[in-house]
Amino acid sequence: MGARFNPQMIERVVLKVGSSSIVGRDGEVRLGFLGQLVTLIGRLRATGRGVTLVTSGAIAMGYTRLGFPQRPTDIPSRQACAAAGQTELMTLYQKLLDTLGVQTGQVLLTREDFENRRRYLNAREALLKLMELGLVPVVNENDSVAVEEIQYGDNDLLSALVAGMVDADLLVLMTDVDGLYRTPPDPGQRGELLDTLDGPIESWLAGVKDRENGLGSGGMRSKLEAANLARQYGIHCVIARSSGRVLADVLAGKSVGTYITPYDRKLPGRQRWLSAAAGTQGSLTLDAGAVRAVLEGGKSLLPIGVTKVTGTFLRGAVVGLEDGDGFELGRAAVRYRSDHLIRILGRQASEIEAILGYTFGDEVVHRDDMVLIQNGRTT
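Residues numbered from 1 in each chain as written. Predicted model: local features only at pLDDT ≥ 70, side-chain atom pairs only at ≥ 80, totals over all residues. Heavy atoms only, no water.

## Things to note about the pattern of salt bridges
Side-chain pairs of opposite charge can arise whenever the charged atoms involved come near each other. This is how it is decided: Note on definitions: salt bridges are taken to be side-chain nitrogens of Lys or Arg within 4 Å of carboxyl oxygens of Asp or Glu. A run of H or I in DSSP counts as a helix once it spans at least four residues, and a run of E counts as a strand once it spans at least two, with each numbered from the N terminus. Each residue gets one of three labels from its accessible area relative to the maximum for its type: buried under 20%, exposed over 50%, partly exposed in between, using a 1.4 Å probe on protein chains only.
Counted according to the given criterion, the structure contains 18 salt bridges. Put simply, Asp167 and Arg272 hold a salt bridge, and the shortest N to O gap is 3.6 Å. Highlighted residues: Asp167 in the loop between helix 7 (155-165) and strand 5 (170-175) and Arg272 in helix 11 (residues 269-277), separated in sequence by 105 residues. On the accessibility criterion, Arg272 (6% relative accessible area) is buried.

Laid out in structure tokens, this is it:
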């Protein structure tokens, strides 16, 4: 079997490390693995590649430091653990990277940093600049300030969003198992590992469950959801065991872990943001003619094809697109605010200025400002 991908074509890599990879069940930091990890990061940096590390572990390190007997579940305690553990975690990474002459920069993100377009672009520019300067960005969710309603809950999805944000070529999700098994292995058994997942992920999602292991909050389900997003973005993704040897093989394109094949077309940056990162503020319902024009003809959306506006939003807001049965067609950034859209529903584009007293163009949504979902994939 040949290489899964050409390692020479991989210019930017996002590595995601979970809490169980950083802190053992005994509460001790896994310094051996982390030393191997930063050594590989140093080698990648030496070849001119950009590396971003998305790391969990702040809460796991914090609750041990603060004397909690187990991972707390209430938000204030988790926030306190995150604040205490994040400092310790970053100090550890910097000390390890210092031995290789590599500098790092901390970037803490929340859901709002992705949903707001301006904040999203600011975060993207910061990450790209850090890599340009030769640093390794270390990214974590800002658990010390994020409340439950705006948390991602685990860093798997966060890592996929970061991979899209920095236009990565490869996302590696490190975990405490070898990869995705065809069937759950019996205790003490290795099970049959799925080498490559190139078909629909939805059927696999139905058969796996996330779990909390006392240290982290992610599981195989969240990793598959993250891998599916990376696939939509056109990014190679591998789910593999947290091991220096395994990671070296993954980066070399060798057949270890489970490889999730990307779609052959990379979404442009704005469409990556629209497809998953942006928060929707409402929805537009399209008639049958508009559905055909948008999905099959690749056309922009005109007011005559909109039958219903749901939600209250301003110009530039991201909304969902639905057909008459409520089936999701995609997402889009609108050119008109919701109350004005209601006034021009079903009308000809030539009537917009007369009705509203102004116009931002004939389209309610321009084709370049929408991302569509067809057969489970974004286009």
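Anyway, onward from the coordinates.
## Here's the deal with the pairing of strand 12 (residues 328-333)
Using the following cut-off: Two strands make a pair as long as DSSP finds a minimum of two bridges between them.
A large share of strand 12 lies buried, amounting to five of its six residues. Inspection of the sheet shows strand 11 (residues 318-322) paired to strand 12 by five bridges, in the antiparallel sense. The residue bridging Val318 from the neighbouring strand is Ala333, located in strand 12. Between strand 11 and strand 12, which pair antiparallel and follow one another directly, the connecting turn spans five residues, one of which, Gly326, has a positive phi of 85°.

## Description of the side chain of Gln94
Here is the rule: Every residue pair with non-hydrogen atoms within 4.5 Å of one another is taken to be in contact.
Looking at the secondary structure, you find Gln94 in helix 4 (residues 75-98). Judged by relative accessible area, Gln94 falls into the buried class, the value being 18%. Gln94 has contacts with Val102, Gln103 and Thr104, leaving out every residue within four places of it along the chain.

## So, the packing of helix 6 (residues 117-132) against helix 11
Relative placement of two packed helices is described by the angle separating their axes and the distance separating the axes. What counts, and what does not: Axis lines are fitted to C-alpha atoms, over the contacting stretch for helices. Their N-to-C directions set the angle, which ranges from 0 to 180 degrees. To sort the angles, those under 35 degrees are grouped as roughly parallel, those over 145 as roughly antiparallel, those from 65 to 115 as roughly perpendicular, and the leftovers as oblique. The crossing is said to be left-handed when, going from far helix to near helix, the turn is anticlockwise and less than a right angle, and right-handed when the turn is clockwise. When residue character is reported, Ala, Val, Leu, Ile, Met, Phe, Trp, Tyr, Cys and Pro are called nonpolar, Asp, Glu, Lys and Arg charged, and the others, Gly included, polar.
Packing of helix 6 against helix 11 brings their axes to within 12 Å, and their N-to-C directions diverge by 120°. Classified by the angle their axes make, helix 6 and helix 11 are oblique. Between helix 6 and helix 11 lies a crossing of right-handed hand. Residue-level contacts link Arg117, Tyr120 and Arg124 of helix 6 to Gly269, Arg270, Arg272, Trp273 and Ala277 of helix 11. Among the residues forming the contact of helix 6 with helix 11, the class breakdown is three nonpolar, one polar and four charged.

## Quick look at helix 12 (residues 288-295)
Side chains of residues three or four places apart in an α-helix project in the same direction, reflecting 3.6 residues per turn. The condition is simple: By definition, the arc is the one covered by directions from the helix axis to the C-beta atoms. Identification of polar contacts relies on pairs of N or O atoms within 3.5 Å, with a donor-acceptor requirement for protein atoms, meaning one able to donate a hydrogen and the other able to accept it, and with residues adjacent in sequence counted only if both atoms are side-chain atoms.
Ala290, Val291 and Val294 are the residues of helix 12 that are buried. Down the axis of helix 12, the sector holding all buried residues measures 105°, keeping them to one side. Sitting at the head of helix 12, Asp287 places a side-chain oxygen 3.2 Å from the backbone nitrogen of Gly289.

## Remarks on the environment of Ala226
With respect to the helices, strands and loops of the structure, Ala226 is situated in helix 9 (residues 220-233). Ala226 gets classed as buried once you look at its relative accessible area, which sits at 0%. When the C-alpha positions of Ala226 and Leu171 are compared, they lie 9.5 Å apart, and in sequence the two are 55 residues distant. Each residue touching Ala226, except ones within four places of it in the same chain, is listed here: Asp156, Leu157, Ala160 and Leu173.

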